[in-house]
Amino acid sequence: MTRVETIVVGGGAMGAATAWQLARRGRDVALLERFAPGHTMGASHGASRNFNVAYSDPAYVRMLVEALPRWRELEAESGASLLDLVGVANHGPGGAFDEVHAALAAAGIAAEFLPVEEAGERWPGIRFDHRVLFNEAAGRVNADATIAALHATAAAFGADVRHRTRATRIDVVDDERVRVASVTDDGEEEVFEARTAVVTLGGWTMKLLDGVAGVRLPRLVVTQEQPAHFGVRDAAMAWPSFNHFPGDAEAAYGYWRSPVYGMLTPGEGVKAGWHGVGPVVDPDMRDFTPVPEQLAALQRYARDWLPGVDADAVAPISCTYTTTPDEHFVLDRIGPVVVGAGFSGHGFKFTPVVGRILADLVDGAGRAPARFAADRAIARHPVSPTGLGR
Ligand SMILES: Cc1cc2nc3c(=O)[nH]c(=O)nc-3n(C[C@H](O)[C@H](O)[C@H](O)COP(=O)(O)OP(=O)(O)OC[C@H]3O[C@@H](n4cnc5c(N)ncnc54)[C@H](O)[C@@H]3O)c2cc1C
């Protein structure tokens, strides 16, 4: 039996950020990740994620205010460049932009409305037909570089970071003890006993938490999402990150699956994707293959709205969402188990802040906002916190 103060199970964005936060506080922490460094099996791989700040929900706006300095903190400690403030352009008839503008202004986050013509001149690769809400203190983060930076800095602060080590069972012994059984790729078994286990398993969350004493979570639905990179026509063209919200006009938007998010991924093209409409999957039984109709609709979107890309030069991506019924995260503590789950396709921008919140839960430094409670009541008609949800 290996004794450790805290065991973090799952080394994607949220587990790695928690291990980093605990280790830099001098805590005794071990992190178990079942795959090799740089794997592409979960939700945290790839060179780009939107650092979009267009939220109106106060719980997320507060996290956004904390996020920017925490990203810079991680960059300083790791020496890696992770967050690029290229700006985010939110547009389309369907966005709740006035609410967002008001919420951001109240929090001191810059946001301005741009007329269609000005936006079109600044970013000729995108077709705009409605006013644009632009956030300059926003942009994109490099996901792959972030995971590498988090693992490296956590280890540099003394965390025991284990790859190719799969947790097989979680047992709550009492309020202050939890055991985690594990096996390595070489078949070596080990049982850890800890005061706290942080469970950040993404799409695999219920595979290990189902039946664990006292743990009840909102329903988590795992989907296989398929954005794609499109080749750019002119490498010198400037691109913001973007979100595009459809209207009701059947002719213009009938083929859309959801609002669209996107950004330039340096060296790979412009990424664009539907949000949360992929097939429901078992994360261990995926085919990593795009649904042809969804891909064709995304290419049609690129032809209609992204004149700066070649819609036929397309490279699909495969990745998982783990979505709660209200698209709010689960950040909570139940006895000796701290859970970070259900990031619903919009968690990456908050990674260092989620790490801080989960580390605080380990340290007993208060609860996360009620919005993220595991036992929260789910609204009958939940409103998507990003406006991207259906
Ligand atoms: C296509 C796509 C686009 C996205 N775009 C954005 C965006 O633009 N902006 C944004 O903010 N967010 C975005 N997100 C969401 C964001 O990427 C996720 O919220 C975030 O990566 C979730 O991290 P995680 O740590 O919860 O999950 P994961 O990264 O899946 O981590 C879970 C980890 O647990 C490991 N694991 C599983 N089982 C075991 C076991 N038994 N033992 C040990 N380890 C185990 C897995 O290998 C994995 O590494 C996007 C997500 C996808 C899929």
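The text that follows walks through the structure, step by step, so that each part is easy to find. Given the structure is predicted, the values throughout are model-derived calculations rather than measurements. (Residues numbered from 1 in each chain as written. Predicted model: local features only at pLDDT ≥ 70, side-chain atom pairs only at ≥ 80, totals over all residues. Heavy atoms only, no water.)

### A few points about the sheet that holds strand β3 (residues 49-51)
The strand order across the open sheet formed by three strands is β3-β8-β4, and the pairing between neighbours is antiparallel. One side of each edge strand has no neighbouring strand; the edge strands of this open sheet are β3 and β4 (83-84). Relative to strand β8 (residues 139-141), β3 is paired through three bridges, and the arrangement is antiparallel. Note that in β8 the partner of Asn 50 across the bridge is Arg 140. (Pairing = 2+ DSSP bridges. Helix = DSSP H or I, 4+ residues; strand = E, 2+ residues; numbered from the N terminus.)

### Things to note about the nonpolar core
Core analysis: the largest hydrophobic core is formed by 58 residues, its most contacted members being Met 63, Trp 71, Phe 329, Leu 331, Phe 350 and Val 354. Mapped by element, the contributors of at least two residues to this core are α1 (13-24), β2 (29-32), α2 (58-78), α3 (97-106), α5 (143-156) and α9 (351-362). Beyond its immediate sequence surroundings of up to four residues, Phe 350 is in contact with Tyr 55, Tyr 60, Met 63, Leu 64 and Phe 329. Core analysis: the second largest hydrophobic core is formed by 30 residues, Ala 89, Ala 119, Phe 134 and Ala 228 among them. (Core = buried A, V, L, I, M, F, W, Y, C linked by side-chain atoms within 4.5 Å. Buried < 20%, exposed > 50% of the residue type's maximum accessible area, 1.4 Å probe, protein only. Contact = heavy atoms within 4.5 Å.)

### Some points on the pattern of salt bridges
When the charged atoms of two side chains with opposite charge come close together, those side chains can pair. Tallied over the entire structure, the rule returns 27 salt bridges. With its nearest N and O atoms 2.5 Å apart, the salt bridge here joins Glu 66 to Arg 70. Of this pair, Glu 66 and Arg 70 are both found in helix α2, four residues apart, which corresponds to roughly one turn of the helix. Each member of the pair Glu 66 and Arg 70 is classed as buried. Note that Arg 356 is salt-bridged to Glu 66, the shortest N-O span being 2.7 Å. Separated by 290 residues along the polypeptide, Arg 356 in helix α9 and Glu 66 in helix α2 bring together distant segments of the chain. Take Glu 66: its relative accessible area is 18%, and that puts it in the buried class. Within this structure, Arg 24, Arg 25, Arg 27, Glu 66, Arg 70, Glu 73, Glu 77, Arg 356, Asp 360 and Asp 363 form a network of salt bridges that share partners. (Salt bridge = Lys/Arg side-chain N within 4 Å of Asp/Glu carboxyl O.)

As far as function goes, none of this settles anything; it's purely spatial.
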